[in-house]
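The chain contents come next:
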Amino acid sequence: MNRPEKQSSSDQSPLEPMVRKLAYWHDLDAADRAALLALPHTVKSLEQHQYIVRERDRAAYSCVLLSGFAMRHKIVGGGYRQICAIHMRGEMVDLQNSLLGTADHSVQMLTPGQIAMIPREEVTRLAFERPAVGKAMWIDTLVDASIFREWIANVGRRDARSRIAHVLCEFALRLKLAGLGEQTGYQLPMTQEQLGDVTGLTSVHVNRTLKSLEADGLIERVSPRSITIGDWKKLADAGDFDSNYLHLREDEPALA
């Protein structure tokens, strides 16, 4: 069951993580930030597996993920699921729906969490009224597309070991950037079955590959989702990983 929806206060806006994320991509002045924080929104608590939007829905809102993790996915004719993206705190998980209207894929909570629902017309208005905000949102969608391309290459042209190692490296950097982990250690927000739906592998194959990476000293796991990277360079080499597609700022400290 949903928890009661509530309108957030203006003193400590839940939209702060979104503002920080957009400001990472493009400089925003005080007026830009204030305009973003002033966007009308409703905070909603969602349970694990609950849908934010379903494929073919007419989206009335763009949603910011305030806590927890969400996934974008497609279900193919045989009923199999392909996870296309994982989103974390501060990310606008369906920004494109503010312009496209009809969802061409589903967005679902990977874990329990909260979202801020912003009317789509307000997102569009602000993007056009304040060019710096519009550019930051544009860059955000372009980086999403860059990650999509890398995930396609990962599933289509890398072997199982490289696919898993690549995803583990990507999450190390993205979780660190979001303040949710360290580059050398974090909690993976996916089950092995879900990791299989990211990489196009069975959960059995995922389990076998993780054990192989662990046996070779590239990672350590004290629990199924706990990832400690034993040798970053070797893991990155195993995953054919180059962080360029994440478009991190040059001043962002990284081992990659």
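Here, every reference points to the structure presented above.
The structure presented is a predicted model; accordingly, all values stated were derived computationally and were not measured.

Draft legend 1. Representation of the overall build of the chain. Tallying secondary structure elements over the chain gives nine helices and 10 strands in all. Since a compact globule built from 256 residues should have a radius of gyration of about 18 Å, the 18 Å found for the chain is in line with a globular shape. Taken along the three principal axes of its C-alpha coordinates, the chain extends 50 × 45 × 30 Å. In the chain, buried positions account for 50% of the 256 residues. Taking as baseline every contact in the chain between residues at least 6 positions apart, the subset at least 24 positions apart corresponds to 73%. Total accessible area computed for the chain in this model is approximately 12500 Å², and 51% of it derives from carbon and sulfur atoms. Considering the chain, the positive charge centre built from 31 side chains and the negative charge centre built from 33 side chains are found 4 Å apart.

Draft legend 2. Molecular detail of unusual backbone geometry. Its identity is not glycine, yet D240 carries a phi of approximately 50°, on the positive side. Phi angles above zero are rare outside glycine, and H247 is one such case at about 55°. Here H247 is to be found in the segment after α9 (232–238). On the accessibility criterion, H247 (42% relative accessible area) is partly exposed.

Draft legend 3. Summary view of the sheet that holds strand β2 (residues 51–53). With antiparallel pairing, the four strands of this open sheet are ordered in space as β2-β6-β4-β5. Strands with a single pairing partner mark the edges of an open sheet, and in this sheet they are β2 and β5 (81–87). Averaged over all pairs of adjacent strands, the angle between strand axes in this sheet comes to 30°, irrespective of strand direction. Bridging between strand β4 (residues 70–75) and β5 involves six bridges; their strand directions are antiparallel. Within β5, the position partnered with A70 by the bridge is H87. Lying over the sheet, helix α5 (residues 131–157) contacts β4 and β5, oriented at roughly 140° with respect to β5.

Draft legend 4. Representation of the packing of helix α4 (residues 120–129) against α5 in the model. At a minimum axis separation of 5 Å, α4 and α5 run at an interaxial angle of 115°. The segment α4 lies against α5, with V123, L126, A127 and E129 engaging P131, V133, G134 and M137. Here the contact of α4 with α5 is composed, by residue class, of six nonpolar, one polar and one charged.

Rules used throughout
Residues numbered from 1 in each chain as written. Predicted model: local features only at pLDDT ≥ 70, side-chain atom pairs only at ≥ 80, totals over all residues. Heavy atoms only, no water. Helix = DSSP H or I, 4+ residues; strand = E, 2+ residues; numbered from the N terminus. Rg over C-alpha atoms; globule rule 2.2 N^0.38 Å. Buried < 20%, exposed > 50% of the residue type's maximum accessible area, 1.4 Å probe, protein only. Contact = heavy atoms within 4.5 Å. Areas by Shrake-Rupley, 256 points an atom, 1.4 Å probe, with all protein chains shown as cover. Lys, Arg positive; Asp, Glu negative; His and termini not counted. Charge placed at Lys NZ, Arg CZ, Asp CG, Glu CD. Pairing = 2+ DSSP bridges. Axes fitted to C-alpha atoms, helices over the stretch in contact; angles between N-to-C directions. Nonpolar A, V, L, I, M, F, W, Y, C, P; charged D, E, K, R; others polar.

Geometry only, nothing functional implied.
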